[in-house]
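Next come the chains, spelled out residue by residue.
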Amino acid sequence: MEIDELFKVPKLPAGSNKRKLPDNPTPEMLKKMKMDVVSQEHAPSTSESRSNGNNNKRRVATVEDEEEITTDRNFAPGGDADYFVEEDEDGRFFGGGLTSEQKEILSIFENAGGEAAMDDSESLSLTAIRRLLLKFERATSKNQDLRSKYPDDPTKFIDSEADLDAAIKGLLPLAQAPKLAYPEVVRSGTVALLVGLLSHENADIAIDAVELIHELTDEDVGNEEEEEDETAEEPLKVLMEGLLENSILELLVDNLSRLKEDEESDRQGVFHILGLHFHYLKFYSFSMCVPGIFENVLGFDPQLSSKLVEKTTILTWLLNRIQSKTHNENRGYAAELLSILLQDNQRNRQQFGRQDGVEFTLQTLAQYRRRDPVDPDETEFMENVFDALCSALSESDVKAQFLAAEGPDLMVLMMKEKRESKSRSFKVLDYAMSGVTGSAISEAFIEVGGLKTLFPALMGKGSKKQKVVTNLPPTTDTGHILGVISSLFSNISSDSPARIRLLAKFVESNYEKVDKLLEIRDGASSRLKAVEADISKEEKDIDDDDDRASFEATAYLRRLDGGLFTLQTVDYILAWIIMEDDGIRTHTLQMLKRQNQSLHDVIRTLRIYLENVDDNVETGSPDKAGEHSPSQKEILAALIAALDTSAS
């Protein structure tokens, strides 16, 4: 109804007896006119008027009061059914905003909700949970029976498939009551039926099952309550164990190959499958690294990621998936999962090498040599691929494949380009050249002209000049550049042309690279002093010996993050160049003296480095000529001995 019709003035009767009101009629005049109108509409006949006399006047007054209350309900704004019903205590009317027809439609929908519209109290009851599970079991059995009886006639089982779809979706509320629902899901055998649907002939049903399992195993399940409960993760662990016992990971990987990501539903299915693998890896592996969290699963299956790679084709699928030309969320998820599988897992890294993973990742990263990622999601994808390659380069076999695939060449080309990949290339080279097995890559790096790009990056050439603040930590790039230089001195043989070229870089331009190292050293020392002061204050409050031992271990890590690691790397490089060149030695000692320091300060840092070197990280191994290559600990001991002799 339009607003003009709502407030339309009734037409006056035709005739010459129309009364004109003044511009501002008084209330008494309006009341008198209303009384006259009512009297005319309800006037009794002449005989009745004569017989009843004044009683009729009282009756007319009564009718007037009722007429004021009995209003035309069709005149309510918008046809609001509650306009004349709802009012507050002051008598003001607001209405509900719904017409009678709309209220009736809403009532029908509310009454038709059935089990899908269970309230919270019913969803938390064990009876309601068992009812849902029974409905799902019956729907699954009926569909299987009809499919086995009429395999070639879809019309016979299409209705049962729709019922099965509804039954699967009906289990989604179970995620709201994990403590009550998950043990019942496992006990009743529903978990086996659910996993079995992953191999259903209808891919849509399999996708429904994947989405349901993804929802039930989400990391936020059961964490809605604010109060802490040590057993909050126990139901999730029970469900995950039940799923693993029914070979869910193998079936999930099998579904990856049959889903076509050209279709939206299949693409979402792939996303949820990758998410399920991420849930398991996070729950059983990475959660163990966090003290006090998931303590009950420490002994359950710490090698789950290894079993996943060995028993399924997940690694092959991930390597193929990241090579896609078009980027989407599933490609990014695949790169993230690949990075997780290779992190801290030697068996997976070795399997990565056997499946030509280095070649796959280098081909994927090559596109970022001349272009940057188009958005933050693709940037994260690129970083995950770089991280996966860095993790794999911890293995000597993977380093050999990296060299054969001309990985150093590609990284040097990326270093020359002013792209986002430049920073990540320093990190890859740092990992590839570290340890005694990085000698061949170190030599190849110098052969392809890596020094021409490495040292300008150390000096910050090509970037805007800014005021130097020595107490700030070095950038991530600077840390990896120092790591590359450190590896070059460790791996390049003495008196070789490559070694002479490396040492010459520190002599040229009036020892500017040496000054840069001392500048970085001064900043690291300043930051380390502040950390040492905080540690000393905290150490005074420790009385128990066990607490003191734990504190010392933590304190060393804090020192590393607070500048000690940078200081150790710089002093390691300084020790090499001081020992090998007299001009560098003289210049370095002069600069240290200006800071009230000496060679003994460098030696002190190297001793701390030597005391904390892990003997099991990498031991010496024979080189190409069959000679023994010294380990990092042996190199440090020799450097300290040489500097001690010259300093005394």
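Residues numbered from 1 in each chain as written. Predicted model: local features only at pLDDT ≥ 70, side-chain atom pairs only at ≥ 80, totals over all residues. Heavy atoms only, no water.

Along the backbone of the protein chain there are 31 helices and 0 strands. Taken across its 648 residues, the protein chain has 39% of its residues classed as buried. At a minimum sequence separation of 6, the contacts of the protein chain that also span at least 24 residues come to 69%. Here the protein chain has roughly 37000 Å² of accessible surface; of this, 50% comes from carbon and sulfur atoms. (Helix = DSSP H or I, 4+ residues; strand = E, 2+ residues; numbered from the N terminus. Buried < 20%, exposed > 50% of the residue type's maximum accessible area, 1.4 Å probe, protein only. Contact = heavy atoms within 4.5 Å. Areas by Shrake-Rupley, 256 points an atom, 1.4 Å probe, with all protein chains shown as cover.)

Moving on, we get to the environment of Val195. As for its placement among the helices and strands, Val195 is situated in helix 10 (residues 190-196). Here Val195 falls in the buried class, since its relative accessible area comes to 1%. For the pair Val195 and Ala206, spaced 11 residues apart in the sequence, the C-alpha separation amounts to 9.1 Å.

The subject of this paragraph is the nonpolar core. One finds Phe402, Phe445, Leu454, Leu488 and Phe506 to be the most contacted residues of the largest nonpolar core, which totals 125 residues. The leading source of residues in this core is helix 27 (residues 497-539), at 9 residues. In this structure Leu488 touches Met433, Ser442, Phe445, Ile446, Leu451, Leu454, Arg499 and Leu502, once residues within four positions along its chain are discounted. (Core = buried A, V, L, I, M, F, W, Y, C linked by side-chain atoms within 4.5 Å.)

Attention now goes to a negative patch on the surface. Among the surface-exposed residues, Asp541, Asp543, Asp544 and Asp547 lie close enough to one another that they form a single negatively charged patch. Along the chain, Asp544 falls in the loop between helix 27 and helix 28 (545-580). (Patch = residues over 30% accessible without salt bridge, like charges linked within 9 Å, V, L, I, M, F, W, Y side chains within 5 Å. Salt bridge = Lys/Arg side-chain N within 4 Å of Asp/Glu carboxyl O. Lys, Arg positive; Asp, Glu negative; His and termini not counted. Charge placed at Lys NZ, Arg CZ, Asp CG, Glu CD.)

Turning our eyes to something else, we now look at the environment of Leu337. In this fold, Leu337 is placed in helix 17 (residues 329-342). By relative accessible area, Leu337 is classed as buried at 1%. Measuring from C-alpha to C-alpha, the distance between Leu337 and Leu274 comes to 7.5 Å, with 63 residues separating the pair along the chain.

For the structure on display, the rule yields 21 salt bridges. The salt bridge involving Arg604 is made with Asp601; its shortest N-O contact spans 2.9 Å. In this pair, Arg604 and Asp601 are both assigned in helix 30 (residues 599-611), 3 residues apart and thus about one turn of the helix distant. On the accessibility criterion, Arg604 (49% relative accessible area) is partly exposed. When salt bridges that share partners are traced, they join Lys505, Glu508, Glu512 and Lys513 into one network.

All of the buried residues in helix 9 (residues 178-187) are Pro178, Ala181, Tyr182, Glu184 and Val185. Taken down its axis, helix 9 places every buried residue within 165° of arc, on the same side. Structurally, helix 9 contributes buried residues whose contacts are with helix 7 (126-149), helix 10, helix 11 (203-216) and helix 12 (234-245). With its phi angle positive at about 85°, Gly189 sits one or two positions after the end of helix 9. (Arc of directions from axis to C-beta.)

In this section: the packing of helix 16 (residues 314-321) against helix 17. Helices that pack against each other are described as a pair by the angle of their axes relative to one another and the distance between those axes. Two numbers describe how helix 16 lies on helix 17: the axes approach to 9 Å, and their chain directions differ by 135°. Our classification of the angle between helix 16 and helix 17 gives oblique. Where helix 16 crosses over helix 17, the handedness of that crossing is left-handed. Taken together, the residues of helix 17 that come into contact with helix 16 (itself represented by Ile314, Leu315, Trp317, Leu318, Leu319 and Arg321) are Asn330, Arg331, Ala334, Leu337, Leu338 and Leu341. Of the residues that constitute the contact of helix 16 with helix 17, the class distribution is 9 nonpolar, 1 polar and 2 charged. (Axes fitted to C-alpha atoms, helices over the stretch in contact; angles between N-to-C directions. Parallel < 35°, antiparallel > 145°, perpendicular 65-115°, else oblique. Left-handed = near helix turned anticlockwise from the far one by under 90°. Nonpolar A, V, L, I, M, F, W, Y, C, P; charged D, E, K, R; others polar.)

Before going further, it helps to spend a moment on the packing of helix 23 (residues 421-433) against helix 24 (residues 439-447). Two elements in contact, helix 23 and helix 24, have axes whose closest approach is 8 Å; the angle formed by their N-to-C orientations is 135°. It follows from the interaxial angle that helix 23 and helix 24 lie oblique. Counting all contacts with helix 23, which are made through Leu429, Ala432 and Met433, the residues of helix 24 involved are Ile441, Ser442 and Phe445. Grouping the constituent residues of the contact of helix 23 with helix 24 by class yields 5 nonpolar, 1 polar and no charged.

A word on unusual backbone geometry. Although it is not a glycine, Tyr511 sits at a positive phi angle of roughly 60°. Along the chain, Tyr511 falls in helix 27.

On inspection of all chains with the given rule, the structure shows 5 aromatic pairs. Taken together, a centroid distance of 5.3 Å and an interplanar angle of 90° make the contact between Phe455 and Phe506 edge-to-face. Of this pair, Phe455 sits in helix 25 (residues 451-459) while Phe506 sits in helix 27, and the two are 51 residues apart along the sequence. Phe506 matches Phe455 in its accessibility class, with the two residues each being buried. Each ring, one from Tyr572 and one from Tyr609, has its centre 6.4 Å from the other, and the planes form 75°; the classification is edge-to-face. One end of the pair, Tyr572, is in helix 28; the other, Tyr609, is in helix 30, and 37 residues separate them in sequence. (Phe/Tyr/Trp six-rings, centres within 6.5 Å; stacked < 30°, edge-to-face > 60°.)

This part takes up the confidence of the model for the protein chain. The predicted structure's coordinates, where accompanied by low pLDDT, should not be read in detail. Considering every residue of the protein chain, the mean pLDDT works out to 78; 69% of them sit at 70 or more. Contacts from residues 45-71, a stretch scored under 50 in pLDDT, to residues over four places away or in other chains number 10 contacts. (pLDDT = per-residue confidence, 0-100.)

Structurally, Thr379 is set in helix 20 (residues 376-392). For Thr379, a relative accessible area of 15% puts it in the buried group. When sequence neighbours within four positions are dropped, the list of residues in contact with Thr379 reads Pro373, Glu420 and Arg424.

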